[in-house]
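Here's the letter readout for the chains.
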Amino acid sequence: MQSPKPPYHIYGTKVRRTSIEATDFLRRNDRMAALLPAATRMASLQKEVRLILPPMYANCEALAIQDGVLTLAVPSSAVAAKLKQQAPKLQAALQKKGWQVDSVRIKIQVGRALPAEPEGLKPSSLELPPTAVQAFEELGDALPESPQNAQLIAAIRRLAERRKNK
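A brief structural summary. Because the structure is predicted, anything quoted here is derived from the model rather than measured.

**A few points about the overall build of the chain**
Thinking step 1. Along the chain, the regular secondary structure elements total 6 helices and 3 strands.
Thinking step 2. Seen in sequence order, the chain has helices and strands lined up from the N terminus as α-α-α-β-β-α-β-α-α.
Thinking step 3. Counting all 166 residues of the chain, 23% fall into the buried class.
Thinking step 4. For the chain, contacts bridging at least 24 residues in sequence account for 48% of all contacts bridging at least 6.
Thinking step 5. Counting only carbon and sulfur atoms, one obtains 56% of the accessible surface of the chain, whose full area is about 12700 Å².

Below you can see the structure in the form of structure tokens.
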């Protein structure tokens, strides 16, 4: 009888599977296997919430559903305020899909604030037309030389010089 294939790739072998799926990991451990139904249920709930809410709430995450109370994590109080307006619609849509949701609780978790930046996007630098660069040079020359203006004049001249060299 052959032993089961390992879930990882060993260099030089024909086994090409390189990772263990989360569900495979949970199934292999008795203690963790008890978490599988709850994890599957929460993943399903999260998927439903994402389908119901508009895309601007993509950073919202379903944390728990207990005793008919759905708890959602949001990245800021501004998002929480807007989401409160969507809560009745979300609750009704989830009930229609068979979820027992009597109320929606919103929890602010600042650590979830920003999603990762899409790959390939780099911050762009400001490109100024030659007339704008010339205007900055003229402004740097036109400002009266004084201790109060010294840093401003130096900054304007640096800006114009950097943009002129681009």
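**Considering helix α3 (residues 36-52)**
Thinking step 1. Here α3 is 17 residues long and its end C-alpha atoms lie 24 Å apart, about the 24 Å a rise of 1.5 Å per residue gives.
Thinking step 2. The complete set of buried residues in α3 reads L36, L45, Q46, E48, V49 and I52.

**A short note on the sheet that holds strand β2 (residues 69-74)**
Thinking step 1. Taken in spatial order, the 3 strands line up as β1-β2-β3 in an open sheet, and their pairing is mixed. Of all strands in the sheet, those with a lone pairing partner are β1 (61-66) and β3 (103-108), marking the two edges. Across the sheet, the mean angle separating the axes of adjacent strands is 25° when strand polarity is ignored.
Thinking step 2. Bridging between β2 and β3 involves 6 bridges; their strand directions are parallel. Bridge assignment links L72 to a residue of β3, and that residue is I106.
Thinking step 3. Along the sheet, α3 contacts β1 and β2; its crossing angle with β1, the most-contacted strand, is approximately 120°.

**A closer look at the pairing of β1**
Thinking step 1. In this structure, β1 lies alongside β2, joined through 5 bridges in antiparallel fashion. Bridged to Q66 within β2 is V69.
Thinking step 2. The loop that links β1 with its antiparallel partner β2 comprises 2 residues; one of these, D67, has a positive phi angle of about 55°.

**A few points about the pattern of salt bridges**
Where charged atoms of side chains with opposite charge meet at close range, the side chains can pair.
Thinking step 1. One pass over the full model with this rule turns up 3 salt bridges.
Thinking step 2. For E48, the salt bridge is made with K97, and the minimal N-O distance between the two is 3.0 Å. Pair noted here: E48 is in helix α3 and K97 is in the loop between α4 (77-96) and β3, with a separation of 49 residues, a long-range link.
Thinking step 3. Classification of E48 as buried rests on a relative accessible area of 18%.
Thinking step 4. For R157, the salt bridge is made with D141, and the minimal N-O distance between the two is 3.6 Å.

**Digging into unusual backbone geometry**
Most peptide bonds take the trans form, and the phi angle of most residues other than glycine is negative.
Thinking step 1. Its identity is not glycine, yet D67 carries a phi of approximately 55°, on the positive side.
Thinking step 2. On the secondary structure map, D67 appears in the loop between β1 and β2.
Thinking step 3. Residue D67 is classed as exposed on the basis of its relative accessible area, which comes to 74%.

**Brief notes about the nonpolar core**
Thinking step 1. Counting 18 residues, the largest nonpolar core has L45, V49, L70, L72, L83, L90 and L94 as its most contacted members.
Thinking step 2. Elements with a minimum of two residues in this core: α3, β1, β2 and α4.
Thinking step 3. Here the element with the most residues in this core is α4; it accounts for 5 residues.
Thinking step 4. Each residue touching L94, except ones within four places of it in the same chain, is listed here: L45, E48, V49, I52, L70, W99 and V101.

**Some words on the environment of K47**
Thinking step 1. With respect to the element layout, K47 can be found in helix α3.
Thinking step 2. In this structure, the C-alpha to C-alpha distance between K47 and A62, residues 15 residues apart in sequence, is 9.1 Å.

The rules behind the values
- Residues numbered from 1 in each chain as written.
- Predicted model: local features only at pLDDT ≥ 70, side-chain atom pairs only at ≥ 80, totals over all residues.
- Heavy atoms only, no water.
- Helix = DSSP H or I, 4+ residues; strand = E, 2+ residues; numbered from the N terminus.
- Buried < 20%, exposed > 50% of the residue type's maximum accessible area, 1.4 Å probe, protein only.
- Contact = heavy atoms within 4.5 Å.
- Areas by Shrake-Rupley, 256 points an atom, 1.4 Å probe, with all protein chains shown as cover.
- Expected span 1.5 Å × (residues − 1).
- Pairing = 2+ DSSP bridges.
- Axes fitted to C-alpha atoms, helices over the stretch in contact; angles between N-to-C directions.
- Salt bridge = Lys/Arg side-chain N within 4 Å of Asp/Glu carboxyl O.
- Core = buried A, V, L, I, M, F, W, Y, C linked by side-chain atoms within 4.5 Å.

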